[in-house]
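# Topology and contacts: notes
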Amino acid sequence: MCGIVAYVGHREACPLILKGLRRLEYRGYDSAGLALLNGDGLKIYKKKGKVSDLEQELSGKDLHATIGIGHTRWATHGAPNDVNSHPHYSNDRRLAIIHNGIIENYATIKQNLVRKGHEFRSETDSEVLIQFIENIRKETGCSLEEAVRLALQEVVGAYAIVVISADDPTQLIAARKGSPLVIGVGDDEYFFASDATPIIEYTKDVVYLNDYEIAVVRDGALRIITLENAQTTPYIQKVELELEAIEKGGFDHFMMKEIFEQPRSIADSMRGRVRAEDGHLQLGGLRDYLDQLAASKRIVIVGCGTSWHAGLVAEYIFEELARIPVEVEYASEFRYRNPIIQERDIVIAISQSGETADTLAAIELAKSKGATIFGVCNVVGSSIARATHAGAYTHAGPEIGVASTKAFTAQVTVLTLMALAAALRAGTISDTLFRQLLAELERIPALVEKVLQDAEKVKEISYIFTYAKNFIYLGRGLNFPVALEGALKLKEISYIHAEGYPAAEMKHGPIALIDEDMPVVVIATKDSSYEKIVSNIQEVKARKGRVIAVVTEGDTLLPGMVDFVIEIPKVHEILVPLISVIPLQLLSYYIAVMRGRNVDQPRNLAKSVTVE
Ligand code: F6R
């Protein structure tokens, strides 16, 4: 969703901000803009479309400035157009703001301002906020910092903001509640951004702003105060992120790079945690909570999208190995029910970005009911990681492609480790099975590599189905969530309508859709439900559906029965999703590329969904 980049220091602000906005493009946006302050005053430039459209708009202009704010907007209030893009001026054009999030009570504030003679150029809640700040400053004669603080005390909703003033070329004021904001601390220079990716090229020293904090940079110094006006000491930490990790590294798209990174990212998610040869498994972030997890009466898993699918896989694994009942909930549904949380219930929140608004709200609700919350997040230091009692990072590295790939396999890996640790502690798993699964987990990166070596075969199949209008994905057991994930990947990046179903459910409705124009992807690996899914495939074939089957190497039955076969290596049934999802990621990638889609930034989607 919206991205923030701001700078004050001694460098040229404009190219730095534009580069930073490009680094945030992966978050999803529909317009871009920046404000620069120099001897000619405070000037805003903004444009609907991509950062490249903004760059065209800027060409030939004198953009020299060493302070500025920039923004990529994902429309919420008001259509994506030039006027609604950020930054927004105050009425007198002496202030400008960039804002991520939603000001829920903006309409009431706006009405009051209109009564006082304020005029609004855009339909956005963000313009209301800057005019509100301006109004407080004028009415009370207070400093800008104080006006920001007083305004934010009145605001209901979520925000990350940066404010610039024509009156002080050394000053930027930023604040956050519910939307992320990172401050890079350099030599006599400061960077503000929605995540660390635009900053790491210049400094690895960062401060993660907390909710209800306001950061003020003035005359080369950084101060942080709370909304209650208490001073806090900025906590500077080193960000462990290298530039190569956020570049394409020779691949055409981030998504492809990330699919091919999975042997490494899965290994990284186990690094230092698993040593099969001596049966060692340790998750540092769970150490003090493992007894509680093992003795829990019920686990509730919350997440959205792909993370929710990882949760569905984990449901099977926790129930099978640790014998703890599991419920998997969409965070967006959980937060608006009155969910029953009992003593000894554990909530596991899964999120790649660690910023998903619905998941964060679900955590807060569960916490308020006394639950212990475990987090499975990828982004270190993210809001969700900080809101949980315990947890394990997935260590997949930055995921830039909007469609989640390596984050999913890393989530499933870490959740499997959590289930194994809980099972061992609870005494519900035999030592033999425990060691066998650890040994098989250690082989997974090499097996994923093997599947990736067959990418060309998936590409050929993709070519045949490039212009399909619909797809059905079927799986049973642990492969049912993989079917859901395969369908989600295809629809979000190729815009082909796709549905995932448990294979046996087909006869209760979706079978009506099957004809010779309906491609059906079936994950039919050799596991406990193999015979059943073979029957389901026969039902599809009897209705002339075209079947692409993901099968276990050496299967001699299915190649003679279906239209196309993709082989994957044999692994223990519990671990199959880590392998079976790979060809489905490739299939959607190739189809989307062949259809000419923007796979890394599909329309309407955002990488980090910070609004509900
Ligand atoms: C799908 C996808 C989304 C996310 C969802 C949750 O490819 O990326 O469905 O999985 O928005 O995001 P996180 O995991 O960041 O909470």
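Heads up: these notes are all about the structure in this document. (Residues numbered from 1 in each chain as written. Predicted model: local features only at pLDDT ≥ 70, side-chain atom pairs only at ≥ 80, totals over all residues. Heavy atoms only, no water.)

## What to know about the overall build of the chain
Secondary structure summary: the chain contains 18 helices and 27 strands in total. Scaling as 2.2 N^0.38, a compact globule of 612 residues should have a C-alpha radius of gyration of about 25 Å, and the chain matches this with 26 Å. Dimensions along the principal axes, computed over C-alpha positions, put the chain at roughly 80 × 50 × 45 Å. Counting over 612 residues, the chain shows a buried share of 62%. For the chain, the distance from the average site of its 66 positive side-chain charges to the average site of its 80 negative ones is 2 Å. (Helix = DSSP H or I, 4+ residues; strand = E, 2+ residues; numbered from the N terminus. Rg over C-alpha atoms; globule rule 2.2 N^0.38 Å. Buried < 20%, exposed > 50% of the residue type's maximum accessible area, 1.4 Å probe, protein only. Lys, Arg positive; Asp, Glu negative; His and termini not counted. Charge placed at Lys NZ, Arg CZ, Asp CG, Glu CD.)

## Notes on the sheet that holds strand 3 (residues 41-48)
Read across the sheet, eight strands follow the order 3-2-4-1-10-9-11-15 without closing on themselves; strand pairing throughout is antiparallel. Two strands bound the open sheet, and with one partner strand each, they are strand 3 and strand 15 (237-238). Bridging between strand 2 (residues 31-38) and strand 3 involves eight bridges; their strand directions are antiparallel. Paired with serine 31 across the strands is lysine 48, a residue of strand 3. Along the sheet, helix 1 (residues 13-23) makes contact with strand 1 (3-8), strand 2, strand 4 (67-73) and strand 10 (190-193), crossing strand 4 at roughly 25°. (Pairing = 2+ DSSP bridges. Contact = heavy atoms within 4.5 Å. Axes fitted to C-alpha atoms, helices over the stretch in contact; angles between N-to-C directions.)

## Here we look at the packing of aromatic side chains
In this structure the tally under the stated criterion is nine aromatic pairs. Centroid distance phenylalanine 191 to tyrosine 202: 5.1 Å. Interplanar angle 15°. Geometry classified as stacked. Here the residue phenylalanine 191 occupies a position in strand 10, and tyrosine 202 occupies one in the loop between strand 10 and strand 11 (205-208), the gap between them amounting to eleven residues. Residue phenylalanine 191 is classed as buried on the basis of its relative accessible area, which comes to 2%. Of the residues examined, tyrosine 202 reaches a relative accessible area of 22% and is grouped as partly exposed. Through a chain of ring-to-ring contacts, three or more aromatic side chains come together here, namely Phe465, Phe471, Tyr473 and Phe564. (Phe/Tyr/Trp six-rings, centres within 6.5 Å; stacked < 30°, edge-to-face > 60°.)

## Focus on the sheet that holds strand 27 (residues 564-568)
Reading across the sheet, the five strands line up as 24-23-25-26-27 and stay open at both edges, with parallel pairing between neighbours. Strand pairing shows two members of the sheet lacking a second neighbour, strand 24 (497-502) and strand 27, which therefore form its edges. Taken pair by pair, the neighbouring strands of this sheet meet at an average axis angle of 20°, ignoring direction. By the bridge criterion, six bridges tie strand 23 (residues 470-475) to strand 24 in an arrangement that is parallel. Residue asparagine 470 lies in a different strand from strand 24, and its bridge partner there is histidine 497. Relative to the sheet, helix 17 (residues 530-542) contacts strand 23, strand 25 (519-524) and strand 26 (546-552), its axis offset from that of strand 25 by approximately 170°.

## Digging into the site of the ligand
Close contacts around the ligand come from 15 residues, with Ser307, Ser351, Ser353, Thr356 and Glu492 the closest. Contact between the ligand and serine 351: an oxygen atom at 2.6 Å from a side-chain N or O atom of the residue. The side chain of glutamate 492 places a nitrogen or oxygen atom 2.5 Å from an oxygen atom of the ligand. Protein burial of the ligand: of its 410 Å² of free accessible surface, 89% is covered by the chains. Looking at the shell around the ligand, the elements that each hand over two or more residues are helix 9 (305-322) and helix 16 (479-494). When the residues that make up the shell around the ligand are grouped by side-chain class, the tally is five nonpolar, eight polar and two charged. A domain-level breakdown of the shell around the ligand finds at least three residues from each of domain 2 (272-451) and domain 3 (454-601). (Near = heavy atom within 4 Å. Polar contact = N/O pair within 3.5 Å; in protein donor to acceptor, adjacent residues only side chain to side chain. Areas by Shrake-Rupley, 256 points an atom, 1.4 Å probe, with all protein chains shown as cover. Nonpolar A, V, L, I, M, F, W, Y, C, P; charged D, E, K, R; others polar. Domains from an automatic or database assignment.)

## Remarks on the pattern of salt bridges
Enumeration over the complete set of coordinates arrives at 38 salt bridges. Between arginine 271 and aspartate 268 there is a salt bridge, with its nearest N and O atoms 2.4 Å apart. Taking the relative accessible area as the measure of exposure, aspartate 268 reaches 17% and is therefore buried. The shortest N-O distance in the salt bridge between arginine 275 and aspartate 278 comes to 3.1 Å. Each of Lys257, Glu261, Arg264, Asp268, Arg271 and Lys406 takes part in salt bridges that share partners, so that together they form one network. (Salt bridge = Lys/Arg side-chain N within 4 Å of Asp/Glu carboxyl O.)

## Description of the environment of alanine 426
Within the secondary structure, alanine 426 is located in helix 13 (residues 406-426). Each C-alpha atom, one on alanine 426 and one on leucine 293, is 8.9 Å from the other, the two residues being 133 residues apart in sequence.

## Considerations on unusual backbone geometry
Cis geometry marks the peptide bond from histidine 86 to proline 87, where omega comes out at 0°. Positive phi outside glycine occurs at aspartate 188, with the angle close to 55°. Mapped onto the elements, aspartate 188 comes out in the loop between strand 9 (182-185) and strand 10. The phi dihedral of tyrosine 212 falls on the positive side, at around 65°, and the residue is not glycine. For tyrosine 212, the position within the fold is in the loop between strand 11 and strand 12 (213-218).

## A short note on helix 15 (residues 455-464)
Among the residues of helix 15, Ala455, Val458, Ile461 and Ser462 are the ones counted as buried. Across the axial projection of helix 15, the buried residues extend over an arc of 120°, all falling on one side. Looking at helix 15, the residues exposed on the side facing more than 90 degrees away from the buried face are Glu460 and Tyr463. Against helix 6 (254-260), helix 14 (431-453), strand 26, strand 27 and helix 18 (576-594) lie the buried residues of helix 15. (Arc of directions from axis to C-beta.)

## Considering the pairing of strand 11
Note that strand 9 and strand 11 share three bridges and pair antiparallel. In the sheet register, glycine 184 faces strand 11, and the bridge partner there is valine 206.

## Comments concerning the environment of alanine 407
Here alanine 407 shows up in helix 13. For alanine 407, a relative accessible area of 1% translates into the label buried. For the pair alanine 407 and valine 182, spaced 225 residues apart in sequence, the C-alpha to C-alpha distance is 22 Å.

## So, the state of the cysteines
Where two cysteines share a covalent bond between their sulfur atoms, that bond is called a disulfide. Across all of its chains, the model carries zero disulfides by this definition. In this structure cysteine 304 is a free cysteine whose sulfur lies 12 Å from that of cysteine 377, the closest cysteine sulfur available. Taking relative accessible area as the criterion, cysteine 304 reaches 24% and is therefore assigned partly exposed. (Disulfide = S-S within 2.5 Å.)

## Concerning the packing of helix 9 against helix 13
Following both chains from N to C, one finds helix 9 and helix 13 inclined at 25°, their axes separated by 9 Å at the closest point. The angle between the axes of helix 9 and helix 13 places the two elements in the roughly parallel class. Handedness of the crossing formed by helix 9 with helix 13: right-handed. The segment helix 9 lies against helix 13, with Thr306, Ser307, His309, Ala310, Val313, Ala314, Ile317, Phe318, Leu321 and Ala322 engaging Phe408, Gln411, Val412, Leu415, Thr416, Met418, Ala419, Leu420, Ala422 and Ala423. (Parallel < 35°, antiparallel > 145°, perpendicular 65-115°, else oblique. Left-handed = near helix turned anticlockwise from the far one by under 90°.)

## Notes on the pairing of strand 27
For strand 27, the tally of buried residues reaches four of five residues, placing the bulk of the element in the interior. Taken together, the five bridges between strand 26 and strand 27 define a ladder with parallel strand orientation. From the neighbouring strand, valine 551 faces strand 27, where its bridge partner is glutamate 567.

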